[in-house]
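Fold and contact review
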Amino acid sequence: MDKELIIIDSGEQIEATTPVIISASRSTDIPAFYAKWFFNRLAKGYCAWYNPFNQQKMYISFERCRVIVFWTKNPAPIIPYLPELDKRGIHYYFQVTLNDYVKEGFEPNVPSVEERVETFKKLSSIIGKEKVIWRFDPLIITPNIGPRDLLTRIWHVGNQLKGYTDKLVFSFVDVKAYRKVQNNLVKETMLFTKEDVENAEANHAQRIEIVEGLKKIREAWHKEGWDVEMATCAEDIDLEAYGIEHNRCIDGELMKRLFADDKELVYYLHTLKWPEKDMFGEIPPIPNKTKNVKDTGQRKICGCMVSKDIGMYNTCRHFCVYCYANTSKEVVLRNKDKHSDDSESIIG
């Protein structure tokens, strides 16, 4: 990513990265909890971000930002702010996670399923169904939730979203790789013991049962006139035989389709370089060969293209028990007390 010198709130001149695509955010729910902060920072022209591994502070300039990908379980708080992005000529789309784990209490601080469905439909009606991607994510197995139960829940939620989205993305919960997820599943629910918590991950037979069921669900929706693309997020299992692709959440191909009139952006999506216009104001022709745009900072099986995430761990107040980005509810609540809508970063 390119860099430039910016003037921060203190009056100091600082070097900042200038991403074209911003992810907001894999690490926390900015639309639900930090919408006002985000638009305050957009007005200031930059924000600060701390590396979660070494706590090194980085500055991000919005000067070249052309696309924002929002990730959320509750977009309601950010909807009133969206016209500001339109005025600035900044494109955007949403990844909206709409699960149903109400009985299990896995997502204790999200609105009801009914309220989230209505918010999803409202957002879709405002910005267009192609810009609102439905995620039922992650898929979790418990002693009381098997593959058939998960499929039933997806079916019921999906039936309420007909015509309001074109895509369903899912993944299988990762438990073995995250000790804090194991701890939270045991501590915050009565469904798992330390000995069997790893069984929350679907085994191969359960995964195949789920994807076979999803294929049937998609076929049933197709007969009703609703064509839904299905894709997995950061899963290495090959499901092409079921018509299920590997997803790219930060998706350059989707952006090319959605924002095709923005020729400068389309050039960048092919080359990862901002075009230099000639003396007549024309941009260079797009090369026949597209540059590899994969974000090497993400996992190997992640298909996302290059972007800059501006979220911070231990700040999401949904308190989902499967979340890898929160250490514990106590840490999040301590960070809540440090937040200010006027600060440079989410944690002031």
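So, here's what we can say about the structure. The residue numbering used here restarts from 1 in each chain and proceeds along that chain's sequence as written. Local features in this predicted model are restricted to residues whose pLDDT is 70 or higher, and side-chain atom pairs enter the listing and the counts only when it is 80 or higher, whereas totals over whole chains, interfaces and linings include all residues. With hydrogens and water stripped out, all remaining heavy atoms of the structure feed into the side-chain values.

**Remarks on the overall build of the protein**
Helix and strand definitions here come from DSSP, where helices need a minimum of 4 consecutive H or I residues and strands a minimum of 2 consecutive E residues; each element is numbered from the N-terminal end. Counting its secondary structure elements, the protein contains 10 helices and 12 strands. Relative to the globule expectation of 20 Å for 348 residues, the C-alpha radius of gyration of the protein, 21 Å, shows essentially globular dimensions. Its C-alpha atoms put the protein at 65 × 50 × 35 Å along the principal axes. By definition in these notes, contact holds between two residues if any of their heavy atoms fall within 4.5 Å. Considering only residue pairs separated by 6 or more positions, the protein has 69% of its internal contacts joining residues 24 or more positions apart. Of the roughly 16,800 Å² of accessible surface on the protein, 47% is carried by carbon and sulfur atoms. Positive and negative side-chain charges of the protein, numbering 49 and 51 respectively, have mean locations separated by a distance of 1 Å. Throughout, the radius of gyration refers to the C-alpha atoms, and the reference size of a globule is 2.2 Å times the residue count to the power 0.38. In these tables, accessible area is a Shrake-Rupley quantity obtained with a 1.4 Å probe, and a residue counts as shielded only by the protein chains included in the view. The charge count treats Lys and Arg as positive and Asp and Glu as negative. His and the chain ends do not count. In plain terms, the charge of a residue is placed at NZ if it is Lys, CZ if Arg, CG if Asp and CD if Glu.

**Thoughts on the nonpolar core**
By nonpolar core is meant a set of buried Ala, Val, Leu, Ile, Met, Phe, Trp, Tyr and Cys residues that side-chain atoms within 4.5 Å join together. We call a residue buried when its accessible area falls under 20% of the maximum for its residue type, exposed when it is over 50%, and partly exposed in between, using a 1.4 Å probe and counting protein chains only. In this structure, Ile 68, Phe 70 and Trp 134 are the most contacted members of the largest nonpolar core, which totals 80 residues. With six residues, helix H7 (residues 204-223) is the largest single contributor of residues to this core. Once you skip the residues sitting within four places of it in the chain, Ile 68 turns out to touch Ile 22, Ala 24, Phe 38, Leu 85, Ile 90, His 91, Tyr 92 and Tyr 93. Ala 234, Ile 250, Met 255 and Tyr 268 belong to the second-largest nonpolar core, a separate cluster that totals 23 residues.

**Observations concerning the layout of surface pockets**
Of the pockets and cavities examined, the second largest pocket occupies roughly 240 Å³. Cavity and pocket criteria rest on a 1 Å grid covering protein atoms alone: a 1.4 Å probe that fits but cannot get out defines a cavity, protein on both sides within 12 Å along at least 5 of 7 lines defines an open pocket, and an atom within 4 Å of a point defines a lining residue. Around the second largest pocket, the lining is made up of 14 residues, and of these Lys 167, Glu 229, Asp 251, Leu 254 and Arg 257 lie nearest the centre. Breaking the lining of the second largest pocket down by element, the ones donating at least two residues are strand S11 (244-246) and helix H8 (252-258). Take the lining of the second largest pocket: its biggest share by element is three residues, from H8. Grid points are joined across faces, edges and corners, and a volume is the space filled by probe spheres set on the points.

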